[in-house]
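Chains, contacts and geometry: an overview
Listed here are the chains, written in short residue letters.
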Amino acid sequence: MKALFLGNVAADTFAGIEGELPPGLDSVVIADPQELAGSPAAAADADILVSNQWRADFPPAPRLRLVQSVATGIDLVDLAALPAGATVCNAFGHETAIAEFIVMAMLALHHRFFEIAGEFRERGSWRSSWVESGVPHGEVRGSTLGIVGYGRVGREVARRAAPFGVRILAANRTPRDAEPGVERVFPLADLDRMLPLCDTVALCTALGPETTGLIDARRLHLVKPGAFLINISRGQVIDEDAVYAALRDRTIGGAALDVWWQYPDAAEPNRRGSRHPFHELPNVIVTPHNSGWTGGMVRRRWDEIADNINRFARGDKLINVVTTI
Amino acid sequence: MKTLFLGSFGGRPGISDAILAKTTAKIDASVLFDLDDTQRLIPALADAEIVVSHIWKKDFPEAPRLKLLQSVAAGIDLIDVPSLPAGVTVCNVAGHEQAIAEYVVMTMLAWQHRLLDIAAAFRGGVWSTGGGAGGGPTHGEILGKTIGIVGYGRIGREVAQRMVGFGCTVIGANRSPVADKGAASEIYPLSELDRMLPRCDVVVIAAGLGPETTRLIDAGRLGLMKPSAFVVNIGRAAIIDEEALYNALKDNRIGGAAIDVWWQYPTPAEPNRRGSQLPFHDLPNVIMTPHCSSATDGARDRRFGTVAGNLDRFARGETLHNVVLTT
């Protein structure tokens, strides 16, 4: 049985799980997908592909039966280019880490953490101190959090936020039962009824036709004045121009943005995430699409991938199946 | 009912006004910010039945009619109890514990997730400080971590309640036995602190300042902590040995610290005075804030409500809340 680990993340994964792979599995690691064209046999012989991508212009891989994504999203896998009979699986392990990020960002925005800690370190400013009776900052207790996309991440957020005394609402495309601590799950179609209730809106939805541009100028005006927006899903869920204007003009209070409208590439490794200068706005916390990228997440994900490869080798039922071609 | 709002908390007009707005009793209020203004302090204290202040100094003028000293803070370490006249009830306020618990969770998350560093680098255009899209190193998480709370009172319980959802284990150490350990799994006697410290990924200092806790965290106890340990101090600065903490952080013998309470405070002459004689602000592994963990709008509202409620209760002759002691 042969496996192809393709791409940087897959190469790291191989290094992390090599000792857990089935005996007799013959693995080929190609970190740079551009080099696959020079090794067509690696594709032609592979029973298993471990990667975050597959394209129609890659060499043919007619034997593939397991396509194990190293990520949750399979938007870089061209399903039409896979042979019939291949089962596509994805991987998780990120949801608890991202939930931590969302609660952290919500706290940091309400507590004005960057402003207060920054000016105290830089110039010894005590103006926000209790001692100086400065302008108080906010707290999350008693505020309302709206979770858009009540899936794995959204549920983990709710479990963590509820003990803070936060009122939690959610919106989801398909009907879902509210877990304890969640007051109500709105249909996504009723999002406009949920937004005016929210002090914080956390976007945890997948990118799809219903969610592209979901948070547009009109909806940014529906949230409470001063409300905070947290995006860990995909940049395209928010209208880039509208959110920049809302943040610049303080129509909303602030944002924590981890996902972007454009990404770096080899030619431009420090490319900005947007055509607008979000990095110049003091009310925005910007992070480089790393909210889930914890050491624990990597370990959990590797464990899932190793488990699935072993299941495949034994002929057992696979986990995290997305589709079978 | 003569009431004197005194000092830098109680005697700040914005604060006294906010408290008075919440009272229903008729209160004859005077306000004095400057404790050293003896000319005004003597007659004000001579008349006052109630003083709203977090400070009482040994050399204060006589206050023969004083019955209630109502602090606007939780700690009464700045109140010199022996110099109070007999028959005075000292009350404090609560309502800060939820805000401080939020701060504690925020700073331990920010530390594990390297939030300040990654966000600052990315603001400068660098993706690779964080993992994921930037291809940089992974950061930490708090899932599965052990949080040790030194001084397990109201704040400790509020922290514990919030940590459980994150999959953390919470343990604590307290001077007196704890009847309600809340979400914590184990409470050590403070005398056995040295057994608790080596277990902790995060050590939260939430104790009051007193003889048993002054310099409780010294070089020896910092040495008992894990090399990766993160110390959060929202109690009082003097609980930690200033130089020992600085050296432990500078030499990376502990992982990092979030410091909200300081060994020295600003003065009118030096409004931007640093909180320590040592340059903590030059250390990259320190999250530092200006004694503001409790300075939320909600905590202020709850505290002022407690003070106003006690003024009303005093006026009606009812039992006071938050009584610390009676002289």
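Residues numbered from 1 in each chain as written. Chains lettered and ligands numbered in written order. Predicted model: local features only at pLDDT ≥ 70, side-chain atom pairs only at ≥ 80, totals over all residues.

Looking only at helices and strands, one finds 9 helices and 13 strands in chain A. Taking the principal axes of the C-alpha coordinates as reference, chain A spans close to 70 × 45 × 35 Å. In chain A, buried positions account for 47% of the 325 residues. Contacts in chain A between residues far apart in sequence, at least 24 positions, make up 60% of those at least 6 positions apart. (Helix = DSSP H or I, 4+ residues; strand = E, 2+ residues; numbered from the N terminus. Buried ≥ 20, exposed ≤ 12 C-beta atoms within 10 Å, placed from the backbone. Contact = placed C-beta atoms within 7 Å.)

Across its full length, chain B holds 10 helices and 13 strands. By the compact-globule yardstick of 20 Å for 327 residues, chain B fits well, its C-alpha radius of gyration being 22 Å. For chain B, the C-alpha atoms occupy an extent of roughly 70 × 45 × 35 Å along the three principal directions. Long-range contacts, defined here as pairs at least 24 residues apart, represent 61% of the contacts in chain B between residues at least 6 apart. (Rg over C-alpha atoms; globule rule 2.2 N^0.38 Å.)

The domains assigned to chain A are domain 1 (2-93 + 296-324) and domain 2 (95-286). If you average the C-alpha positions of domain 1 of chain A and of domain 2 of chain A, the two centres end up 34 Å apart. (Domains from an automatic or database assignment.)

Okay, the nonpolar core next. Across soluble globular proteins, nonpolar side chains show a tendency to be buried alongside one another. Ile102(A), Ile230(A), Val204(B) and Ile205(B) are the most contacted members of the largest nonpolar core, which has 170 residues in total. Broken down by element, this core gets its largest block of residues, 12 residues, from helix 3 (residues 95-110) of chain A. Those residues in contact with Ile205(B), other than ones at most four positions away along the chain, are Val150(B), Gly151(B), Ile217(B), Val231(B), Val232(B), Asn233(B), Ile234(B), Gly235(B), Ile239(B) and Ile240(B). Core analysis: the second largest hydrophobic core is formed by 32 residues, Ile15(B), Val72(B), Ala74(B) and Ile76(B) among them. (Core = buried A, V, L, I, M, F, W, Y, C linked by C-beta atoms within 7 Å.)

All names here are of chain B. Between helix 4 (residues 97-112) and helix 6 (residues 154-163), the least distance of the axes is 8 Å, while the angle of their chain directions is 50°. By the angle class used here, helix 4 and helix 6 are oblique. Considering only the axes of helix 4 and helix 6, their crossing is right-handed. Contacts between helix 4 and helix 6 pair Glu97, Gln98, Ile100, Ala101, Val104 and Val105 from the former with Arg154, Ile155, Glu158, Val159, Arg162 and Met163 from the latter. Taken together, the residues of the contact of helix 4 with helix 6 break down into 7 nonpolar, 1 polar and 4 charged. (Axes fitted to C-alpha atoms, helices over the stretch in contact; angles between N-to-C directions. Parallel < 35°, antiparallel > 145°, perpendicular 65-115°, else oblique. Left-handed = near helix turned anticlockwise from the far one by under 90°. Nonpolar A, V, L, I, M, F, W, Y, C, P; charged D, E, K, R; others polar.)

Further remarks concern the domain arrangement of chain B. Residues and elements named next belong to chain B. Partitioning chain B into structural domains gives domain 1 (2-95 + 297-326) and domain 2 (97-288). On a C-alpha basis, the centroid separation for the pair domain 1 and domain 2 is 32 Å. Contact residues are listed per partner, giving 5 residues for domain 1 and 6 residues for domain 2. Here the side of domain 1 that touches domain 2 is built from residues that sort into 2 nonpolar, 2 polar and 1 charged.

A few words on the confidence of the model for chain B. When the pLDDT values of chain B are averaged, the result is 94; 99% of them are 70 or greater. Reported for the predicted complex are a pTM of 0.90 and an ipTM of 0.89. (pLDDT = per-residue confidence, 0-100.)

The next point concerns the sheet that holds strand 2 (residues 28-32) of chain B. All names here are of chain B. Spatially, the 6 strands line up as an open sheet ordered 2-1-3-4-5-13, and their pairing is mixed. Of all strands in the sheet, those bounded by a partner on one side alone are strand 2 and strand 13 (323-326). Strand-to-strand twist of the sheet, defined as the mean angle between neighbouring strand axes without regard to direction, takes the value 20°. Looking at chain direction, strand 1 (residues 2-6) and strand 3 (residues 50-52) are connected through 3 bridges and run parallel. Across the sheet, the residue bridging to phenylalanine 5 is valine 52, located in strand 3. (Pairing = 2+ DSSP bridges.)

Each partner contributes to the interface: chain A provides 54 residues, whereas chain B provides 54 residues. Taken together, the elements giving at least two residues each to the side of chain A that touches chain B come down to helix 3, helix 4 (113-123), helix 5 (152-161), strand 12 (284-286) and helix 9 (295-314) of chain A. By residue number, the principal contributor to the side of chain A that touches chain B is helix 3 of chain A, which donates 8 residues. Taken together, the residues that form the side of chain A that touches chain B break down as 25 nonpolar, 21 polar and 8 charged.

By definition, the strands of a sheet pair up through backbone hydrogen bonds, in either a parallel or an antiparallel sense. All names here are of chain A. Judged by pairing direction, the sheet is parallel, and its 7 strands sit side by side in the order 8-7-6-9-10-11-12 without closing on themselves. Taken across any chain shown, the strands that pair with only one partner, and hence form the sheet edges, are strand 8 (182-187) and strand 12. Geometrically, the sheet is characterised by an average inter-axis angle of 15° between neighbouring strands, direction not taken into account.

Turning our eyes to something else, we now look at helix 3 of chain A. All names here are of chain A. The first and last C-alpha atoms of helix 3 sit 23 Å apart over 16 residues, in line with the 22 Å expected at 1.5 Å per residue. For helix 3, the buried fraction is high: 16 of the 16 residues fall into the buried class. Arginine 112 lies just past helix 3 and shows a positive phi near 50°. (Expected span 1.5 Å × (residues − 1).)

Residue and element names in this part refer to chain A. Their axes nearest at 8 Å, the elements helix 3 and helix 5 cross at an angle of 50°. Between helix 3 and helix 5, the interaxial angle falls into the category oblique. As for how helix 3 packs across helix 5, the hand of that crossing is right-handed. Taken together, the residues of helix 5 that come into contact with helix 3 (itself represented by Glu95, Thr96, Ile98, Ala99, Ile102 and Val103) are Arg152, Val153, Glu156, Val157, Arg160 and Ala161. For the contact of helix 3 with helix 5, the class distribution of residues is 7 nonpolar, 1 polar and 4 charged.

All names here are of chain A. Here aspartate 177 is to be found in the loop between strand 7 (167-172) and strand 8. Given 7 C-beta atoms within a 10 Å radius, aspartate 177 is considered exposed. The spatial distance from the C-alpha of aspartate 177 to the C-alpha of tyrosine 150 is 9.6 Å, given a sequence separation of 27 residues.

For helix 5 (residues 115-123) of chain B, the set of buried residues is Leu115(B), Ile118(B), Ala119(B), Ala121(B) and Phe122(B). Buried residues along helix 5 of chain B cover an arc of 165° about the axis, so they all sit on one side. Where helix 5 of chain B is buried, its residues meet helix 3 and strand 12 of chain A together with helix 4 of chain B. Two residues or fewer after helix 5 of chain B comes Gly125(B), characterised by a positive phi angle close to 100°. (Arc of directions from axis to C-beta.)

With that settled, the discussion passes to unusual backbone geometry. Residues and elements named next belong to chain B. For histidine 291, which is not glycine, the phi torsion reads 50° and is therefore positive. Note that histidine 291 resides in the loop between strand 12 (286-288) and helix 10 (297-316). A count of 22 C-beta atoms within 10 Å places histidine 291 in the buried class.

Before going further, it helps to examine the pairing of strand 2 (residues 26-30) of chain A. Residues and elements named next belong to chain A. Inspection of the sheet shows strand 1 (residues 2-6) paired to strand 2 by 5 bridges, in the parallel sense. When the bridges of strand 2 are listed, phenylalanine 5 appears paired with valine 29. At this point the chain moves from strand 1, through helix 1 (residues 8-17), to the parallel strand 2, and the crossover so formed is right-handed. (Right-handed = clockwise from strand over helix to strand, strands pointing away.)

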